[in-house]
Protein chains: 2
Amino acid sequence: MTNSPYFSDHDHLYMAKAIELAQLGCFTTTPNPNVGCVIVNNNQIIGEGYHIKAGEPHAEVYALRQAGVNAKGATAYVTLEPCSHFGRTPPCADALIKAGIARVVIAMQDPNPKVSGQGVKRLRQAGIEVDIGLLSEQAEHINRAFLKRMRCGIPYIQLKLAASLDGKIAMQSGESKWITSSDARQDVQYFRAQASAILSTRATVQADNASLTVRHAELPPQIQMIYPQETIRQPIRVIIDSKNKLMGDENIFKQLGETWVVRKDDKPIEQANCRLLIESSAKMNIDLTSLFKVLAEKQINSVWVEGGSHLAGALIEQGLVDELIIYYAPKLLGHNALDMAILPNLIELSKAPEFTFQSTIKIGDDLRCILQKKTK
Amino acid sequence: MTNSPYFSDHDHLYMAKAIELAQLGCFTTTPNPNVGCVIVNNNQIIGEGYHIKAGEPHAEVYALRQAGVNAKGATAYVTLEPCSHFGRTPPCADALIKAGIARVVIAMQDPNPKVSGQGVKRLRQAGIEVDIGLLSEQAEHINRAFLKRMRCGIPYIQLKLAASLDGKIAMQSGESKWITSSDARQDVQYFRAQASAILSTRATVQADNASLTVRHAELPPQIQMIYPQETIRQPIRVIIDSKNKLMGDENIFKQLGETWVVRKDDKPIEQANCRLLIESSAKMNIDLTSLFKVLAEKQINSVWVEGGSHLAGALIEQGLVDELIIYYAPKLLGHNALDMAILPNLIELSKAPEFTFQSTIKIGDDLRCILQKKTK
């Protein structure tokens, strides 16, 4: 049994900085993880970097470039275990060794089977001191989507709901424009922009004539600054169309980026940016878990869900929701209005699906609550 | 037109202290307002006091007693205009004059027609410098119930709801024990303890075998310290029993304090601590506004409502709710569960009753949201 390593206050500060850097990649790195790196020599930061985009250099490479010859004898703080394999770029472990880094502090091991433990092993074999586990919770959090896909083979599922205080998402007539404020609807853009994919249904797409895109002008100003218009990434739009009713002329097919349609036959919609994702036999309902497995195979880390109460209910009932994001408007719509989630099989209170409040914040006049799936 | 008075940083500090003191009376002063007083001479607090209970001395008297002869030439900070009439105690304005106070700073005028403006006039006639309006918002807030009764002739209505994320208060079967955590249920005690009256219905009382009392042991420890067991005040329990179904043997009649029953005939329940409050004609529903007017006449400042979705809906629909206190448990009960509020007449989204989020806080695993009626 080994003792857990000792981390100084300085170690904490530098790793916190590395995590801050890692987060800058949150709009663009998918399907890769967010990684940040800080290189320190004589208590001075001499190099900083973060991973921006798949195919471009890893965080360590940027930081080493900045550090130059001063990297010799320095300490590198990395939020995720450095890779040891040749992917689209050469292994970072080798780069750290070559630069003469003396100590590497790692927030957490990479669960990617191509890396897991191998990066650490390689560094140690080269005589580098390696300490693991500093601020690992924060490091887990910023990569919770990537880690979920690696560990479970399905994406991280975020279900967004916009409701009244009494949990209603539309009037009996279907009227729902708008329950929440424009501030809340703008806030949604920030989450969409981070998602690998956005999932919705044919009914929602047709009812709202939805585009389900990221609109740069609606991102918060501080995000616009770090995420310029020309680099904007449109998450894949995944639309469940189990009755094969989409025609191909809907608004959603006219947007930048791809739309993947999930239907019951193999007749694709004739649109350049549209592909048929999976087919299920005509008599079966679309199976959500199967769909998510397919999405994970296609390197989708996270799925942001904006749909109706049937999709919400099905996801919740099947325990597929990792994170609930609920915008509550401070009004009541009454018992005749439409419910947030259809849960046909729930009879006993003790069987109610449970979550954990993570954060609440006022967005304009509304309240945004983020909840995580309850760990038993 | 007079200029608004200038208040120094010291003035702010002392008035904030006076408001803090006033709040100590929040469990006991009903039907009187909460008032705090600080007396300052040469930048030293020489006297402090707050109103504890109707019939006992007012805040100014306690503070003057403590200040003694040093009150001469001092400044008094009072959260509410000093009274000028003989009520159960002699007028405080006279006491301040007699003690030789040189300046009185008042957070807000008393809307009580027996006082309003008269206290200030009396002080000024005696040559005392009087400045009004310092921290008036906070002063309004701590007496919002008393002020509502004075200004509108009906009590301040607080509606408490305990619901799931999707706004449900019970399963279809009626099962509701317990949606929220024991922490949330304990938190309710803190609000009950401040209410002049607790309003519920026969259905709730019978279904839950409710006692609707304040239980000292369940108050937060810091409240127990300032509000000892032997001084506990039981709010009046007001039960709407429009079908005359209460028998008199229910749990609620076995508790300390009074129960007032609102029924449709004049046959009282034979219980020592129970009185028949109003009768309405056998063919009419109990009118809530009339009920509240009667309660205000009986000096009820605030009503804390714990009932079902029909009472909640009726209060909301009639615009009678001043404050919503919602405890959200982080779970979903689905579309078949029972709704928070029955609003039979609401058809259009634009007519939905609106509130304003005032505060949110985690209570155990649950979230407590306090909302105020939206001012148009």
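Our subject in this report is the structure included herewith. The shown structure was predicted, so the numbers you read here are calculated from the model rather than taken from an experiment.

Placing chain B over chain A gives an RMSD of 0.0 Å and needs a rotation angle of 180 degrees, together with 0.0 Å of translation along the axis. On the angle and the small slide along the axis, the relation comes out as a two-fold axis. Considering only C-alpha atoms, the residue of chain B closest to the rotation axis is Gly167 of chain B, which sits at 2.3 Å. A share of 100% of the interface residues of chain B reappears at the interface of chain A, consistent with the copies meeting face to face through the same patch.

Inspection of the secondary structure puts Asp366 of chain A in strand E16 (residues 366-373). The side chain of Asp366 of chain A sits in the buried core without any salt bridge; Lys331 of chain A is the nearest counter-charge, 6.3 Å away. For Asp366 of chain A, the side chain forms a polar contact with the main-chain nitrogen of Ser181 of chain A, separated by 2.6 Å. When residues no more than four places from it in sequence are discounted, the contact partners of Asp366 of chain A are Thr180, Ser181, Ala184, Tyr328, Ala329, Pro330 and Ile361 of chain A together with Phe357 of chain B.

This part covers the packing of aromatic side chains. This model, assessed by the stated rule, comprises 11 aromatic pairs over all chains. Summarising the aromatic geometry, the rings of Phe27 of chain A and Tyr227 of chain A are spaced 4.8 Å apart at their centres and angled 10 degrees between planes, so their arrangement reads as stacked. Here Tyr227 of chain A lies in the loop between helix H9 (221-226) and strand E9 (236-241) and Phe27 of chain A lies in the loop between helix H1 (9-23) and strand E1 (36-41), a separation of 200 residues in the sequence. Pairing Tyr328 of chain A with Tyr328 of chain B gives two aromatic rings, centres 4.9 Å apart and planes at 20 degrees, and the pair type is stacked. Residue Tyr328 of chain A is located in strand E13 (residues 323-329), and its partner Tyr328 of chain B is located in strand E13 (residues 323-329); the two belong to separate chains. The residues Tyr328 of chain A and Tyr328 of chain B share a single accessibility class, namely buried. Put simply, the rings of Phe27, Tyr190, Phe191, Tyr227 and Trp304 of chain A touch in pairs and so form one group of aromatic residues.

In this structure the tally under the stated criterion is 34 salt bridges over all chains. Of the charged contacts, one joins Asp339 of chain A and Lys168 of chain B as a salt bridge, the two residues approaching to 2.7 Å between their closest N and O atoms. Residue Asp339 of chain A is located in strand E14 (residues 338-339), and its partner Lys168 of chain B is located in strand E7 (residues 168-170); the two belong to separate chains. Asp339 of chain A gets classed as buried once you look at its relative accessible area, which sits at 11%. Ionic contacts of the salt-bridge type, sharing partners, join the residues Asp11, Arg103, Glu129 and Asp131 of chain A into one network.

Moving on to the pairing of E1 of chain A. Each regular strand carries side chains that alternate between the two faces of the sheet. All names here are of chain A. Most of E1 is tucked away, with 6 of its 6 residues classed as buried. Here E1 shows two buried faces, one formed by Gly36, Val38 and Val40 and the other by Cys37, Ile39 and Asn41. Of the strand pairs in this sheet, E1 and strand E2 (residues 44-50) are connected by 6 bridges, and their pairing is antiparallel. Its bridge partner lying in E2, Val38 is registered against Glu48. Taking the residues that link successive antiparallel strands as the turn, the E1-E2 hairpin has 2 residues, and the phi of Asn42 there is positive, at about 50 degrees. Strand direction decides the pairing type here: E1 and strand E3 (residues 75-78), joined by 4 bridges, are antiparallel. Looking at the pairing, Ile39 lines up with Ala76 of E3.

Residue and element names in this part refer to chain B. The strand order across the open sheet formed by 5 strands is E2-E1-E3-E4-E5, and the pairing between neighbours is mixed. In this open sheet, the two strands that pair with only one neighbour each are strand E2 (44-50) and strand E5 (129-132). Between one strand axis and the next, the sheet turns through 15 degrees on average, direction left out of account. The strands touched by helix H1 (residues 9-23) are strand E1 (36-41), E2, strand E3 (75-78) and strand E4 (103-106); relative to E1, the strand with the most contacts, the crossing angle is about 145 degrees. The sheet contacts of helix H2 (residues 59-67) involve E1, E2 and E3, and relative to E2 the element is tilted by about 145 degrees.

Looking now at helix H4 (residues 118-125) of chain B. All names here are of chain B. When we look at burial in H4, the residues that qualify are Gly119, Val120 and Leu123. Relative to the axis of H4, the buried residues are bounded by an arc of 100 degrees and lie together on one face. Considering only its buried residues, H4 is in contact with helix H3 (92-98), E4 and E5. Once H4 finishes, Gly127 follows within two positions and takes phi at roughly 85 degrees, a positive value.

Basis of the calculations
- Residues numbered from 1 in each chain as written.
- Chains lettered and ligands numbered in written order.
- Predicted model: local features only at pLDDT ≥ 70, side-chain atom pairs only at ≥ 80, totals over all residues.
- Heavy atoms only, no water.
- Least-squares fit on C-alpha atoms with pLDDT ≥ 70 in both.
- Contact = heavy atoms within 4.5 Å.
- Helix = DSSP H or I, 4+ residues; strand = E, 2+ residues; numbered from the N terminus.
- Buried < 20%, exposed > 50% of the residue type's maximum accessible area, 1.4 Å probe, protein only.
- Lys, Arg positive; Asp, Glu negative; His and termini not counted.
- Salt bridge = Lys/Arg side-chain N within 4 Å of Asp/Glu carboxyl O.
- Polar contact = N/O pair within 3.5 Å; in protein donor to acceptor, adjacent residues only side chain to side chain.
- Phe/Tyr/Trp six-rings, centres within 6.5 Å; stacked < 30°, edge-to-face > 60°.
- Pairing = 2+ DSSP bridges.
- Axes fitted to C-alpha atoms, helices over the stretch in contact; angles between N-to-C directions.
- Arc of directions from axis to C-beta.

So far we have only geometry, and geometry alone does not tell us how the molecule works.
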